[in-house]
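Secondary and tertiary structure notes
Spelled out, the chains give:
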Amino acid sequence: MARPVSPAGPDGHVPRPDPPPRGRPAATDRLARRLARRLARRTRLARLALWWEAAWVALWPPLGVLGLFGVVALSGLPLVLPWPLHLLLLAGFTAALVHTVRLAARRLAAPTVAAAERRLERDSGLAHRPIATLGDRPAGRDPVALALWEAHRRRAEERLAALNVSRPRPGLPLRDRRALRGGLAVALLAALGVAGTEAPERLRRALVPAFGGAALPVAPALRLEAWITPPAYTGAAPIFLDAAGGTVAVPAGSRVQVAVSGGTGGVPDLLLDEAATPFRRLDRGSYAAEHALDAGARLAVRRDGAEIAAWTLTVRADAPPTAAWDQPPARATRGLAVRLPWRAADDWGLAGLRVELRLKPRPEAEPLVLDLPLPGGSPRDAHGAAQPDLSAHPWAGLEVEARLVARDHAGQEGRSEGAFLELPERSFTHPVSQALIALRKALSVDPTARAAARRELDRIAGAPEAFEHDSGTFLALRSSRHRLGRDRREEAVPEVQEILWDVAVALEEGRTDRTARALAEARQALRDALAEARRDPDSRTPEQRAELDRRIQELREAIRRHLEALAERLQRENAEALPFDPQQRLMDQRELDRRTERMQDAAREGRTEDAERELAELEEMLRALEEGRNMRAEERQRQQQRQRGQQQMGVVQDMVQRQGQMLDRGHQRAEQEERERRQIRRPPQPRRFDQSPPTAAEPTPNPERQAESAQDARVQRALRRALGEVMQQFGDLTGEVPPQLGEADRAMRDAAEALAEGGDSRDAQQRAIRALTEGARQMAQQMQRQFGQGQPGEGEGEGEGEGQGMAGDQRGGEGDDQASEQGQGRDPLGRTTRESPGGQDNASDTRVPDEAELLRTRRIQEELRRRGAERERPPAELDYIDRLLRRF
């Protein structure tokens, strides 16, 4: 069998397959012809793919040279080169282009048909070259061989039915491993963006050198930009000037900046009232200049003798800030602070505000400066009231002159008129504290009076019994005395004043600790003396008995001072909660005298055991006194918590009352609407046959009812917000919020929505009243559990009859008490008449109800409000309940 190398002829054409042998079906012939056409098309596509792969690899170097030239040309580099360098650059690119084109021409060759067939077979995954099989023919005429060959051809044709040509793969990544082609593409796009509309002109000028001088691009249009930057203290944005000119007002200290680019001509000048300032060059065609504006002037830009633009500038001077007292400064209504109401303004905004206090008796002293906070940012107009506490300052209790000083961002200051006031000072009850504070104020008025101050300190330190022989106080007084005598610095006086203040406060607030320490020392000294006497009872001398008497007297005096300190401390702690009674005693003085006398008698008679027993009982009484004081402190805290809870319960009860008022108004609106509907639905009058039937009428909306409903909706929302605050405060107080208050909140929300829509809110308001009433009852129960508010024998949730009976019993008891107190000069109700002795009632017999009575009264009110919320009761009963509730 002979087998040619390729079925293609010398011209590269694929020959037709040999004519089929005789007896071959016509359908097989048609399939063979269709296969031949398909093979021819696929072969052409394969040749194109091979040519593209070869052409892309061959043409990439010339295209790279052209792209690099485009980047250089669009960047404007050839335009700024002298013509020799420009010409040399062109020659280099031309040579590179010619070389790469020649190499590409050598590499470019039309692919052969055999190569295309191999590409088809490779892309289609066909082995053993089935395309060549179609062009092969057998060498002999053996029928068996021909039949075998025909079967082989049919199998080859079936395999060629799935011919495929893959996309071209030039294989550039293998030749350009650093991806320089991508970088070149990005650079070309960037150069196009930079060149913009000048790209065609730049390419043209890059190809044509400008012989005789440096090449320049075509001069773009003249562009002028001018703006004024206000000074930093204004916080204003830059002001851009219109190129057409005009008049502009700017703040003083501004700077004008002008930028000129494009056009032809020389370096422009900036003229400010004919005073020329040359522009500085930024690049070959751009210039910039700036100048400070201190006064109004005419601003112009001139170039080559021609005026490009001009403006008239007026400069506004920065006015200093103003400060004034909104009200005269005075002491705050509460506490020891001083109230300083102020008002300040500035045209560009305030930077700071302070108040300067100068001592009126010594105006040359360094002022006391207090910085006052301003609202956020730099307000142009602000007002407020500061309340600094200066009770600890050495000038407290002295008259000072207060002056406000406002400052703007430019550093200018404005001062207010002076106002005189006396700084509040703390009141002291301890005699030594009062003396030290007086000495402190004297040093503030005259710091040079150190000798008098030393003498006063010597006098105070010479009487240690005035400060309970406290060694710390004594050392502080002696240290202050020697510092005033030996430290000649001006700062020594303020340092001594600070020490005196600390000692005075310690004496005033820490007397209880000192007296307790002195009492412990006296008790220990007496205990040691009794132990010494018990060890040698037979050899006691009169001196030892006198020592025991002295120790007992010292203990008695220490107990008296400690009790006084406790009373003063109780007065300070209960200044607002409980009035202090000077006649009240924490321990009976007669009991103290009896015990100390019994100890003295036992000591004189040698009965040391009895004296020690009396001392032990006295110590037990002191211990019980201290424990009782701690318990009273806890009780005061619980009482404060109860008061807060009662206030919150009162707010809930007030909400019930206001909710009931809104419910009444809702009933009134509903009744009015019902009356209007009944009037509309009245039976029609007899009519004649010639009259048309009456049309059904609907009640027209009443603007007054709508306005009242909208007002109730706002009130309902306000009540809901107030209920939310009460729930939060009660939760903070007790750690738990009654669930019925949450139900009341939801009912109030429904009522507010119904009122806002003009609907019926009565059902939601009734639910809110019931929930508020039940929530108040739960609050009372929770207060009773946590803070012990209830009294023994009081139950929760009494019925109606029980509540009334309880109230009646209470009233009866009070009536009996009042009846028993009636006498001469009183009316049947127990009140003082005009004919009584003295002729006036000083309310000395007024009895304040206790907490149990207040709780019972509150429960009666809650029951009345609960019944008043039930609108299905008879109208007479509801009117009676409303009259009762008006009194509360």
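Residues numbered from 1 in each chain as written. Predicted model: local features only at pLDDT ≥ 70, side-chain atom pairs only at ≥ 80, totals over all residues. Heavy atoms only, no water.

Here we come to the overall build of the chain. Scanning the chain for helices and strands turns up 22 helices and 19 strands. The 888 residues of the chain split such that 37% are buried. Taking the contacts inside the chain whose residues are at least 6 apart along the sequence as the reference set, 70% of them involve residues at least 24 apart. (Helix = DSSP H or I, 4+ residues; strand = E, 2+ residues; numbered from the N terminus. Buried < 20%, exposed > 50% of the residue type's maximum accessible area, 1.4 Å probe, protein only. Contact = heavy atoms within 4.5 Å.)

On to the pairing of strand β15 (residues 368–371), then. The alternating pattern of β15 places Leu368 and Leu370 on a buried face and Val369 and Asp371 on a face that is not buried. Where strand β14 (residues 350–359) and β15 come together, four bridges link them in antiparallel fashion. Following the sheet pairing, Arg354 is matched in β15 by Asp371. (Pairing = 2+ DSSP bridges.)

What follows covers the sheet that holds strand β1 (residues 223–229). Reading across the sheet, the five strands line up as β2-β1-β4-β8-β7 and stay open at both edges, with antiparallel pairing between neighbours. In this open sheet, the two strands that pair with only one neighbour each are β2 (239–241) and β7 (280–281). Note: β1 against β2, three bridges, orientation antiparallel. For Ile228, the partnering residue across the bridge sits in β2 and is Ile239.

All right, on to a positive patch on the surface then. Taken together, Arg30, Arg33, Arg34, Arg37, Arg41 and Arg44 make up a surface patch of like positive charges. Judged by relative accessible area, Arg41 falls into the partly exposed class, the value being 44%. (Patch = residues over 30% accessible without salt bridge, like charges linked within 9 Å, V, L, I, M, F, W, Y side chains within 5 Å. Areas by Shrake-Rupley, 256 points an atom, 1.4 Å probe, with all protein chains shown as cover. Salt bridge = Lys/Arg side-chain N within 4 Å of Asp/Glu carboxyl O. Lys, Arg positive; Asp, Glu negative; His and termini not counted. Charge placed at Lys NZ, Arg CZ, Asp CG, Glu CD.)

This brings us to the sheet that holds strand β9 (residues 297–303). Pairing within the open sheet is mixed, and its five strands lie in the order β3-β10-β9-β5-β6. In this open sheet, the two edge strands, each paired with only one partner strand, are β3 (246–251) and β6 (275–278). Sheet twist, expressed as the mean angle between neighbouring strand axes with direction ignored, is 25 degrees. (Axes fitted to C-alpha atoms, helices over the stretch in contact; angles between N-to-C directions.)

In the structure shown here, the tally under the stated rule is 33 salt bridges. Between Asp750 and Arg749 there is a salt bridge, with the nearest N and O atoms lying 3.7 Å from each other. A salt bridge links Arg873 to Glu877; the nearest nitrogen and oxygen atoms lie 2.8 Å apart. A relative accessible area of 25% means that Glu877 is categorised as partly exposed. Three or more residues joined by partner-sharing salt bridges are found here, namely Arg483, Asp487, Arg489, Glu491 and Glu495.

Relative to strand β10 (residues 306–316), β3 runs parallel, the two sharing six bridges. Its bridge partner lying in β10, Thr247 is registered against Thr312. Sheet analysis places β9 next to β10, joined by seven bridges and oriented antiparallel. Its bridge partner being in β10, Val301 is matched across the sheet by Ala309. Here β9 folds back onto β10 in antiparallel fashion, the turn holding two residues, of which Asp304 has a positive phi close to 55 degrees.

Turning our attention to the packing of helix α10 (residues 450–461) against helix α11 (residues 471–486). Their axes nearest at 9 Å, the elements α10 and α11 cross at an angle of 160 degrees. Compared by their axis directions, α10 and α11 come out roughly antiparallel. Crossing geometry of α10 relative to α11 is assigned as left-handed. Every residue of α11 that contacts α10 at Arg450, Ala453, Arg454, Leu457, Asp458, Ile460 and Ala461 is listed here: Phe474, Leu477, Arg478, Ser480, Arg481, Arg483, Leu484 and Gly485. Partitioning the contact of α10 with α11 into residue classes produces seven nonpolar, two polar and six charged. (Parallel < 35°, antiparallel > 145°, perpendicular 65-115°, else oblique. Left-handed = near helix turned anticlockwise from the far one by under 90°. Nonpolar A, V, L, I, M, F, W, Y, C, P; charged D, E, K, R; others polar.)

Taken N-terminus to C-terminus, the directions of helix α17 (residues 703–734) and helix α18 (residues 739–756) make an angle of 160 degrees; their axes are 8 Å apart at the nearest point. In terms of axis orientation, α17 runs roughly antiparallel to α18. As for how α17 packs across α18, the hand of that crossing is left-handed. Each of Ser709, Asp712, Ala713, Gln716, Arg717, Leu719, Arg720, Leu723 and Met727 in α17 lies in contact with α18, whose residues at this interface are Leu741, Gly742, Ala744, Asp745, Met748, Arg749, Ala751, Ala752, Leu755 and Ala756. Its residues placed into classes, the contact of α17 with α18 shows 11 nonpolar, three polar and five charged.

This next bit is on the confidence of the model for the chain. For residues with low pLDDT, the predicted coordinates do not support detailed interpretation. Of all residues in the chain, 77% attain a pLDDT of 70 or more, and the chain-wide mean is 76. By mean pLDDT, the top-scoring element of the chain is strand β11 (residues 322–325) (94), and the lowest-scoring one is helix α20 (residues 800–821) (37). Segment residues 213–218: pLDDT under 50, and 15 contacts once partners within four positions in sequence are set aside and those in other chains are kept. Contacts of residues 685–697 to residues separated by more than four positions or lying in other chains number five contacts, the stretch itself having pLDDT below 50. (pLDDT = per-residue confidence, 0-100.)

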